[in-house]
Amino acid sequence: MTKARILVARAVFPEIIALLEQHFEVEHNQADEPWPKERLAGKLAGKVGAFTTGGERIDADVLAVAPGLKICANMAVGYNNFDLAAMTQRGVLATNTPDVLTESTADFGFALLMATARRLTESEHYLRAGKWQRWSYDMFSGSEVHGSTLGILGMGRIGQGIARRGAHGFGMNVIYHNRSRLAPDLEAQCKARYVGKEELLRAADHLVLVLPYSPASHHAIGAPELALMKPAANLINVARGGVVDDAALAAALRDKRIAAAGLDVFEGEPKVHPDLLTVPNVVLTPHIASATVPTRKAMANLAADNLIGFLVHGKPVTPLNPEVLK
Ligand code: 8YV
């Protein structure tokens, strides 16, 4: 029997390629060459499945070139690289990798909060540059974490993980804003209080963004929102580039309208707004919030299980548009 043909668009753990090869004829990209959209579309022509990451845009143009495509399995929980409506219209299943990355990503969100509040990278650069000649009473004084107010915008699984860390580990007063309010038992677990967006912006000492990107959340934090924040507040973004207006944020950091920021995601990444590179009060990381070896392996396995589950057994594990299964 001939095997179904699939594409793995980016380099991934070799054992994942080996697993997929047990079931499919696999074209892979272990050289991790950058494939512009037209090249990706050309490679998808004649394939029934695709293993993608958050970086590959799958939209109507791409789908038009690949009419045989039945599933795109994202190795990411976020799926703003998918035009889900276009995929559903063409009967293409979309899957993502929820749950397996929740706790590691929440760990990282908290690490970035701590690094930002306590000026970890700024002080390390100072030390490495040989500038540390003597101790002084106010050297790299930052913001308090324990007992402060943690504000969370976007209270999904990762937001709840960050809330639990703040409330239970650091005695923080947790407030959140979300499209919908959490069930009372979840609020109690997170010791979190629901507030309006404006109250969240005004009250948070540390504001952590964990909301998905969509046209509705584009620039959810821009100049007007930054103006409402406390001058001593810190902003942390582990959500998606585009949720923050990076130019407005760089200006706010430069003018000390807020104290500091910690950013793992950027508008138009891997490009970073040049002004963010020139302000000292920002911790910058290259979209690594889920990057632990066990978590990345779990994400890759779940994406592979979605391909095998759907194309071999007719049952995907974590479908995003299950209506196409009907
Ligand atoms: C991924 C992420 O590493 O899961 C997500 O949504 O942002 C990260 O965990 C990234 O999207 C690459 O696929």
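What comes next is a walk through the structure. Quantities reported herein were computed from a predicted structural model and do not represent experimental measurements.

1. As for the side chain of T97
Then comes step 1: For T97, the position within the fold is in the loop between β5 (93-95) and α5 (102-117).
Then comes step 2: A polar contact of 3.5 Å, which involves the side chain of T97, links it to the backbone nitrogen of V77.
Then comes step 3: Residues in contact with T97, not counting those within four places in the same chain, are N74, M75, A76, V77, M299, L302 and A303.

2. Section: the packing of aromatic side chains
Then comes step 1: Inspection of every chain in the model, using the stated rule, returns three aromatic pairs.
Then comes step 2: When the centroid spacing of 5.3 Å and the interplanar angle of 70° are considered together, the rings of Y176 and Y194 count as edge-to-face. One end of the pair, Y176, is in strand β7 (residues 173-177); the other, Y194, is in strand β8 (residues 192-194), with 18 residues separating them in the sequence.
Then comes step 3: According to the relative accessible area criterion, Y176 is buried, its value standing at 0%.

3. A short note on empty space enclosed by the protein
Then comes step 1: This model, assessed by the stated rule, comprises one cavity of 30 Å³ or more.
Then comes step 2: Size it by volume and the largest cavity reaches roughly 60 Å³.
Then comes step 3: Taken together, A115, T116, R119, L120, T121, E122, A260, A261, P280, N281, V282 and V283 form the lining of the largest cavity.
Then comes step 4: Secondary structure elements with two or more residues in the lining of the largest cavity: α5, α6 (120-128), β11 (260-263) and β12 (282-284).
Then comes step 5: No other element matches the three residues that α6 contributes to the lining of the largest cavity.
Then comes step 6: In terms of residue class, the lining of the largest cavity is built from seven nonpolar, three polar and two charged.

4. Observations regarding the nonpolar core
Then comes step 1: In this structure, L20, F51, I152 and I162 are the most contacted members of the largest nonpolar core, which totals 49 residues.
Then comes step 2: No fewer than three residues from each of domain 1 (4-100 + 293-325) and domain 2 (102-284) sit in this core.
Then comes step 3: Core analysis: the next-biggest nonpolar cluster, separate from the first, contains 30 residues, I175, L235, V244 and I258 among them.

5. Side note on the packing of α5 against helix α7 (residues 157-170)
Then comes step 1: It is at 8 Å that the axes of α5 and α7 come closest, and there the two elements cross at 55°. With respect to their mutual orientation, α5 and α7 come out oblique. As for the relative orientation of α5 and α7, their crossing is right-handed in sense. Contact residues: α5 offers T102, E103, T105, A106, D107, G109, F110 and M114, while α7 offers R157, I158, G161, I162, R164, R165, G166 and F170.
Then comes step 2: Taken together, the residues that form the contact of α5 with α7 break down as six nonpolar, five polar and five charged.

6. With respect to the sheet that holds strand β1 (residues 4-8)
Then comes step 1: The strand order across the open sheet formed by five strands is β2-β1-β3-β4-β5, and the pairing between neighbours is parallel. Strands at the two margins of the open sheet, each flanked by one partner only, are β2 (24-27) and β5. Sheet twist, expressed as the mean angle between neighbouring strand axes with direction ignored, is 20°.
Then comes step 2: Where helix α12 (residues 293-313) meets the sheet, it contacts β1, β2, β3 (49-52), β4 (71-74) and β5, and its direction lies at approximately 160° from that of β4.

7. Section: the sheet that holds β12
Then comes step 1: Strand order across the open sheet formed by seven strands is β8-β7-β6-β9-β10-β11-β12, with parallel pairing between neighbours. Two strands lie at the open edges of the sheet, namely β8 and β12, each paired on one side alone. Neighbour-to-neighbour, the strand axes of the sheet open up by a mean angle of 20°, direction not taken into account.
Then comes step 2: Relative to strand β10 (residues 234-237), strand β9 (residues 206-209) runs parallel, the two sharing four bridges. Pairing of H206 across the sheet is with N234, part of β10.
Then comes step 3: Where α7 meets the sheet, its contacts fall on β6 (149-153), β7 and β9, and the angle it forms with β6 comes to roughly 175°.

8. Regarding the pattern of salt bridges
Then comes step 1: Evaluated as defined, the whole model comprises 21 salt bridges.
Then comes step 2: We note a salt bridge from D107 to R165, for which the minimum N-O separation is 2.8 Å. With D107 in helix α5 and R165 in helix α7, this residue pair connects regions lying 58 residues apart in the sequence.
Then comes step 3: Residues joined in a network through salt bridges with shared partners are K37, R57, D59 and D61.

9. Re the site of the ligand
Then comes step 1: Around the ligand, the surrounding shell consists of T53, G54, M75, A76, V77, G78, L101, R240, H287, S290, R296 and M299.
Then comes step 2: Within the side chain of R240, an N or O atom sits 2.7 Å from an oxygen atom of the ligand.
Then comes step 3: The separation between an oxygen atom of the ligand and a polar side-chain atom of R296 is 3.1 Å.
Then comes step 4: When its residues are assigned to classes, the shell around the ligand shows five nonpolar, five polar and two charged.

Cut-offs used in this document
Residues numbered from 1 in each chain as written. Predicted model: local features only at pLDDT ≥ 70, side-chain atom pairs only at ≥ 80, totals over all residues. Heavy atoms only, no water. Helix = DSSP H or I, 4+ residues; strand = E, 2+ residues; numbered from the N terminus. Polar contact = N/O pair within 3.5 Å; in protein donor to acceptor, adjacent residues only side chain to side chain. Contact = heavy atoms within 4.5 Å. Phe/Tyr/Trp six-rings, centres within 6.5 Å; stacked < 30°, edge-to-face > 60°. Buried < 20%, exposed > 50% of the residue type's maximum accessible area, 1.4 Å probe, protein only. 1 Å grid on protein atoms, 1.4 Å probe; cavity = no way out; pocket = protein on both sides within 12 Å on 5 of 7 lines; lining within 4 Å. Points joined across faces, edges and corners; volume = space filled by probe spheres on them. Nonpolar A, V, L, I, M, F, W, Y, C, P; charged D, E, K, R; others polar. Core = buried A, V, L, I, M, F, W, Y, C linked by side-chain atoms within 4.5 Å. Domains from an automatic or database assignment. Axes fitted to C-alpha atoms, helices over the stretch in contact; angles between N-to-C directions. Parallel < 35°, antiparallel > 145°, perpendicular 65-115°, else oblique. Left-handed = near helix turned anticlockwise from the far one by under 90°. Pairing = 2+ DSSP bridges. Salt bridge = Lys/Arg side-chain N within 4 Å of Asp/Glu carboxyl O. Near = heavy atom within 4 Å.

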